Amino acid sequence: ETRQVESLWRLQLFDFWVREPGHLALALLHGLTTGALTDHEAIRTLIDRTLADAQADVRRVGLPGAPYNVLENFDESLSFLTSRALLSDRPSFGKGRGTAHQVVLETAGIGFVDRLLTECPLFNWYRIQAESVAQFFPMLEKIDLAVMPYLAPELTPAQAASVPLIPFIAARAQQVF
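As the structure is a computational prediction, the values presented were derived from the model and not from experiment.

Peer 1: Can you help me understand the packing of aromatic side chains in this one?
Peer 2: Working definition: an aromatic ring pair is given by the centre-to-centre distance plus the angle between the planes. Applying the stated rule across the entire model yields four aromatic pairs. Measuring from ring centre to ring centre gives 4.9 Å for Phe16 and Trp17, while their planes differ by 80°; the resulting arrangement is edge-to-face. The class of Phe16 is buried, set by a relative accessible area of 1%. With 5.6 Å between their ring centres and 55° between their planes, Trp17 and Tyr150 make a pair best called tilted. Note that Trp17 is positioned in helix H1 (residues 8-19) and Tyr150 in the loop between helix H7 (124-140) and helix H8 (157-160), a separation of 133 residues in sequence. Side by side, Trp17 and Tyr150 carry an identical accessibility label, which is buried.

Peer 1: So what exactly am I meant to see when it comes to the packing of helix H2 (residues 21-34) against H7 here?
Peer 2: Each pair of packed helices gets described by two things: the angle between the helix axes and the distance between those axes. Where H2 meets H7, the axes come as close as 11 Å, and the angle between the chain directions of the two elements is 40°. Our pair here, H2 against H7, has a crossing hand that is left-handed. Contacts from Pro21, Leu24, Ala27, Leu28 and Gly31 of H2 reach H7 at Trp125, Gln129, Val133, Phe136, Met139 and Leu140. A class-by-class count of the residues in the contact of H2 with H7 yields nine nonpolar, two polar and no charged.

Peer 1: What's the story with unusual backbone geometry in this structure? I'm lost.
Peer 2: Residues other than glycine predominantly adopt negative phi, and peptide bonds predominantly adopt the trans conformation. Omega for the peptide link from Ala152 to Pro153 comes to 5°, which places this bond in the cis form. Tracing the chain through its elements places Pro153 in the loop between H7 and H8. The phi dihedral of Ala54 is positive, around 55°, even though this residue is not glycine. When you line up the elements, Ala54 lands in the loop between helix H3 (40-51) and helix H4 (55-58).

Peer 1: Explain the nonpolar core here, please?
Peer 2: Nonpolar side chains tend toward joint burial in soluble globular proteins. One finds Trp17, Leu28, Leu140, Leu145 and Tyr150 to be the most contacted residues of the largest nonpolar core, which totals 34 residues. By residue number, the principal contributor to this core is H2, which donates seven residues. Non-local contacts of Leu28, meaning those with residues more than four positions away in its chain, are made with Leu37, Ile43, Leu46, Phe136, Met139 and Leu140. Of all hydrophobic cores here, the second largest spans five residues; its members include Leu11, Phe74, Leu78 and Leu87.

Peer 1: How should I be thinking about H7 in this particular structure?
Peer 2: Residue pairs spaced three or four apart in an α-helix point in one direction, given the helix's 3.6 residues per turn. Along H7, the sharpest kink reaches roughly 40°, centred on Ala134 and followed within four residues by the proline Pro138. Residues of H7 that are buried sit in contact with H1, H2, H3 and H4.

Conventions adopted
Residue numbering note: each chain is counted from 1, following its sequence as written. Under the rules for a predicted model, residues below a pLDDT of 70 receive no local features and side-chain atom pairs below 80 are neither given nor counted, while totals for whole chains, interfaces and linings still include all residues. The basis for every side-chain value is the complete set of heavy atoms in the structure, and neither hydrogens nor water enter the calculation. For Phe, Tyr and Trp, where Trp contributes only its six-membered ring, two rings pair if their centres lie within 6.5 Å, and the inter-plane angle classes them as stacked under 30 degrees, edge-to-face over 60, or tilted in between. Categorising residues by exposure relies on relative accessible area from a 1.4 Å probe, with only protein chains included: less than 20% of the type maximum marks a residue as buried, more than 50% marks it as exposed, and the intermediate range marks it as partly exposed. Put simply, DSSP marks the helices as runs of H or I at least four residues long and the strands as runs of E at least two long, and each gets a number from the N terminus on. Whenever a helix is involved, its axis is fitted only over the stretch in contact; in every case the axis is a line through C-alpha atoms, and angles between N-to-C directions fall within 0 to 180 degrees. In this scheme the handedness of a crossing depends on how the near helix is turned from the far one: anticlockwise by less than a right angle means left-handed, clockwise means right-handed. By definition, residues are in contact when any of their heavy atoms lie within 4.5 Å. All residues other than Ala, Val, Leu, Ile, Met, Phe, Trp, Tyr, Cys, Pro, Asp, Glu, Lys and Arg, Gly among them, are scored as polar; the first ten of these are nonpolar and the last four charged. Only buried residues count toward a nonpolar core. Its members are Ala, Val, Leu, Ile, Met, Phe, Trp, Tyr and Cys residues joined through side-chain atoms within 4.5 Å. Note on bend: at a given residue it equals the angle between the axes fitted to the 7 residues ending there and to the 7 starting there.

This is the structure in structure tokens:
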């Protein structure tokens, strides 16, 4: 049993949405208002969880250089996990200059994650967050993170990197729901 992501780019995008619960909430609310999403109940549940105890700001894991650097460099993390046979990074080389990566969480890696979630209940929030990202990832991966259109008109990417997002999420949720 393994889990697989087809590219480093998609893994970086997925990681961004897990690390930035406030951005996820604002993007999903934007998706409801534009008609790109229709699952009001699932999004409402996520918004309620995000607003509870200011989790959108408390659980936020920003990167140095944000908002100009929103995608994490995975070289060190992937090397560490690969050296312990928990993960495989399988590059494939095609015509031209491009390469593709298949990032595979190996069976031992899945066991490690399962043990981590069992023995450390604090990580359960991130499991739920990752499941929510997976549910809406087909829409989320189409968002241009250089522009972050879901922030407008109240915020710019630079502002969103430095202010609490809870008030903006609450105001937008009140308009949507």
